[in-house]
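# Results of the structural survey
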Amino acid sequence: MTGRICASAAGKVILLGEHAVVYGRPALAIPLQGLRAWATLTPHAGPFRIQAPAVGVDALLSDLPMEHPLARIVYLTAEHFGFAPPQALLRIDSEIPVASGLGSGAAVSTAVVRALAAWYGVEAPPEVVSALVYEVERIYHGTPSGIDNTVIAYGRPIYFVRGQPPRPLAVGGTFFLLIADSGIPSPTREVVLDVRRRWEADRERYEGLFDRIAEQVEAAHRAIVEGNAAELGARMNENHRLLQEMGVSAPVLDRLVDAARRAGALGAKLSGAGRGGNVVALVEADAAGCVAKGLKEAGARRVWQSTVHEKNT
Ligand code: PMV
């Protein structure tokens, strides 16, 4: 392959079920098609080089530590498909904020796998992309459930249970979402570890919380299939309450959730690991502007809109 190759991947948001998903309960996630990472491969004379200006990387592949996430995904992909990294320059660009629960790392890795596969003219089916990206997610997160790499590699709304093939969500209506960034980095690894410590200290209580979250996920799943936004909103609210009980919310997230509800959202909750990162609010289409305003007034750094509808199932 000699031409320029560009591939991309969407970010993601978890609708319901974070944390409990690490313990085998189901979760729902959707790709954020409007928020993307790109990998561009350009032929050049010389060994494989990686430029990712946003994270200050401009280096030969051979000069990066093997465990560097960008080096790792290149080596894993090359090994999987049985080729050597090409004589090319890999440029990474992303509009997904890092460490905010929107899947920035998994989207970058996914874009890299897709670009390399396209360069060599080989198919990269979603299950292969997902498995490769999972290996890199383990560097970031320790023991990830696999939900990020799965929803991003498949690029469609999913019902996810750890260790099982994802089920596509059958969406029975149109749902309007707002995703608001608290501006506080969300340390997924630490929060997941903290939940693990709490679970070890009081398994009965935490297993009970995970079960109640699973009930919300199942009810939300039914609401999505039926196109029932009011019901989905109620389940999101209850999921947030359970995440508060679990100890992973934070005043800044509660403030954003309250602001969204006061401004007319049907439901709102933290999304991702918690303690920072983002909240997701479900709104009626004509309320989106006012809820976005309410979120910004409550301190959201950025607010993105996304729609879940039958077309992207
Ligand atoms: O990467 P984040 O912040 O969206 O968190 C992932 C969701 C968790 O359930 C907290 C962890 C996991 O591996 O599923």
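Relevant structure appears above.
The present account deals with the structure reproduced in this document.

Definitions and cut-offs
- Residues numbered from 1 in each chain as written.
- Predicted model: local features only at pLDDT ≥ 70, side-chain atom pairs only at ≥ 80, totals over all residues.
- Heavy atoms only, no water.
- Phe/Tyr/Trp six-rings, centres within 6.5 Å; stacked < 30°, edge-to-face > 60°.
- Helix = DSSP H or I, 4+ residues; strand = E, 2+ residues; numbered from the N terminus.
- Buried < 20%, exposed > 50% of the residue type's maximum accessible area, 1.4 Å probe, protein only.
- Pairing = 2+ DSSP bridges.
- Axes fitted to C-alpha atoms, helices over the stretch in contact; angles between N-to-C directions.
- Contact = heavy atoms within 4.5 Å.
- Salt bridge = Lys/Arg side-chain N within 4 Å of Asp/Glu carboxyl O.
- Left-handed = near helix turned anticlockwise from the far one by under 90°.
- Nonpolar A, V, L, I, M, F, W, Y, C, P; charged D, E, K, R; others polar.
- Parallel < 35°, antiparallel > 145°, perpendicular 65-115°, else oblique.
- Near = heavy atom within 4 Å.
- Polar contact = N/O pair within 3.5 Å; in protein donor to acceptor, adjacent residues only side chain to side chain.
- Areas by Shrake-Rupley, 256 points an atom, 1.4 Å probe, with all protein chains shown as cover.

### Overview of the packing of aromatic side chains
Counted under the stated rule, the structure contains five aromatic pairs. Residues Tyr 23 and Phe 210 carry aromatic rings whose centres are separated by 4.4 Å and whose planes lie at 20° to one another, so their mutual orientation is stacked. Of the two residues, Tyr 23 is situated in the loop between β1 (5–16) and β2 (27–43) and Phe 210 in helix α6 (residues 203–226); the sequence distance between them amounts to 187 residues. Just as Tyr 23 is buried, Phe 210 falls in that class too. Between Phe 81 and Phe 83, the aromatic rings sit 6.0 Å apart at their centres with planes inclined by 5°, giving stacked as the arrangement.

### Describing the sheet that holds strand β9 (residues 267–271)
One open sheet holds the four strands; their spatial order is β9-β10-β8-β11, and the pairing between them is antiparallel. The strands lining the two open edges of the sheet, one partner per strand, are β9 and β11 (302–308). Going across the sheet, the axis of each strand differs from the next one's by a mean of 25°, ignoring polarity. Examined bridge by bridge, β9 and strand β10 (residues 278–283) share five bridges and lie antiparallel to one another. Within β10, the residue paired with Leu 270 across the bridge is Val 279. The strands touched by helix α8 (residues 251–262) are β9 and β10; relative to β9, the strand with the most contacts, the crossing angle is about 160°. Its contacts with the sheet put helix α9 (residues 288–297) on β8 (175–181), β10 and β11, and the angle it makes with β8 is roughly 15°.

### With respect to the pattern of salt bridges
What the rule picks out here adds up to 17 salt bridges. The partner of Arg 197 in a salt bridge is Asp 194, and the shortest N-O contact between them spans 3.9 Å. In this pair, Arg 197 and Asp 194 both sit in helix α5 (residues 188–201), three residues apart, roughly one turn of the helix. Look at Asp 194 and you get buried, because its relative accessible area is 15%.

### Some remarks on the packing of helix α3 (residues 126–141) against helix α4 (residues 147–154)
In the contact formed by α3 and α4, the axes pass within 8 Å of each other and the chain directions differ by 145°. In this structure, the crossing between α3 and α4 has a hand that is right-handed. Listed contacts from α4 to Pro 126, Glu 127, Val 129, Ser 130, Val 133, Tyr 134 and Glu 137 of α3 are Asp 148, Asn 149, Thr 150, Ala 153 and Tyr 154. Tallied by class, the residues present in the contact of α3 with α4 amount to six nonpolar, three polar and three charged.

### Quick look at the packing of helix α1 (residues 69–81) against α3
Two elements in contact, α1 and α3, have axes whose closest approach is 10 Å; the angle formed by their N-to-C orientations is 150°. Here α1 lies roughly antiparallel to α3, going by the angle between them. Crossing angle aside, the handedness with which α1 passes α3 is right-handed. Contacts from Pro 69, Arg 72, Ile 73, Leu 76, Thr 77, His 80 and Phe 81 in α1 reach Val 128, Leu 132, Val 133, Glu 135, Val 136, Ile 139 and Tyr 140 in α3. When the residues that make up the contact of α1 with α3 are grouped by side-chain class, the tally is 10 nonpolar, two polar and two charged.

### Structural notes on the site of the ligand
Close to the ligand lie 16 residues; Lys 12, His 19, Ser 145, Thr 188 and Ala 273 are nearest. Here Ser 145 contributes a side-chain N or O atom positioned 2.5 Å from an oxygen atom of the ligand. Contacts to the ligand include Ala 273, whose backbone N or O atom sits 3.1 Å from an oxygen atom. When the free accessible area of the ligand is taken as 380 Å², the share hidden by the protein chains comes to 97%.

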